[in-house]
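Report on the structure
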Amino acid sequence: QVQLTESGGGLVQAGGSLRLSCVASGSIFSIATMGWYRQAPGKQRELVARITSDFSTNYVSSVEGRFTISRDNAKKTLYLQMNSLKPEDTAVYYCNAYAGPLGVDAWGKGTLVTVSS
């Protein structure tokens, strides 16, 4: 129903910035809750940020004030602006689209963010 493609990851020094993008195909983007998750080696996947269809947002406490999630429904694109990056932000970042009543829970393949100290 929806396919997600992340981009924008890379290597950055601590204190630097990156912007991740997630481009969606399909027709349900505008009504889906969109989220960014991350998983570091040896750790469980965690929710980083989420934005609902009415543009409400929430963040894991460790990124509050540093990361900003946004969406452009016309472009069917989700963004994560990451500022003041820390080595502990190093992870594979995954885009997620969720629309429970429609049976949608889609994931991208991930983009790697590496923050050097």
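Since the structure is predicted, the reported quantities are computational estimates derived from the model, not experimental observations. (Residues numbered from 1 in each chain as written. Predicted model: local features only at pLDDT ≥ 70, side-chain atom pairs only at ≥ 80, totals over all residues. Heavy atoms only, no water.)

Even without a glycine there, the phi angle at Lys 76 is positive, about 50 degrees. With respect to the helices and strands, the residue Lys 76 is situated in the loop between strand 7 (67–72) and strand 8 (77–82). Among the residues examined, Lys 76 registers a relative accessible area of 27% and is labelled partly exposed. For Ser 84, which is not a glycine, the phi torsion comes out positive at approximately 50 degrees. Summarising the element assignment, Ser 84 is placed in the loop between strand 8 and strand 9 (91–99). (Helix = DSSP H or I, 4+ residues; strand = E, 2+ residues; numbered from the N terminus. Buried < 20%, exposed > 50% of the residue type's maximum accessible area, 1.4 Å probe, protein only.)

Moving on: the pattern of salt bridges. Summed over the entire model, instances satisfying the criterion amount to three salt bridges. Overlapping salt bridges, with partners in common, bring together Arg 38, Glu 46, Arg 66 and Asp 89 in one network. (Salt bridge = Lys/Arg side-chain N within 4 Å of Asp/Glu carboxyl O.)

Remark on secondary structure: sheet strands pair via backbone hydrogen bonds, oriented parallel or antiparallel. Spatial strand order, 1-3-8-7: four strands in an open sheet with antiparallel pairing. Bordering the open sheet on either side are strand 1 (4–7) and strand 7, each of which pairs with just one other strand. If you compare each strand with its neighbour and ignore which way they point, the axes differ by 15 degrees on average. (Pairing = 2+ DSSP bridges. Axes fitted to C-alpha atoms, helices over the stretch in contact; angles between N-to-C directions.)

Attention now moves to the nonpolar core. In this structure, Leu 4, Met 34, Trp 36, Leu 80, Met 82 and Tyr 93 are the most contacted members of the largest nonpolar core, which totals 33 residues. Of all the elements in the fold, those that place two or more residues in this core are strand 3 (18–24), strand 4 (33–39), strand 5 (46–51), strand 7, strand 8, strand 9, strand 10 (104–107) and strand 11 (111–116). No other element matches the five residues that strand 9 contributes to this core. Sequence-distant contacts of Leu 80, that is, excluding residues within four places in its chain, are made with Leu 18, Arg 19, Leu 20, Trp 36, Val 48, Ala 49, Phe 67, Thr 68, Ile 69 and Tyr 93. (Core = buried A, V, L, I, M, F, W, Y, C linked by side-chain atoms within 4.5 Å. Contact = heavy atoms within 4.5 Å.)

Interpretation note: all reported values are geometric properties and have no functional meaning in isolation.
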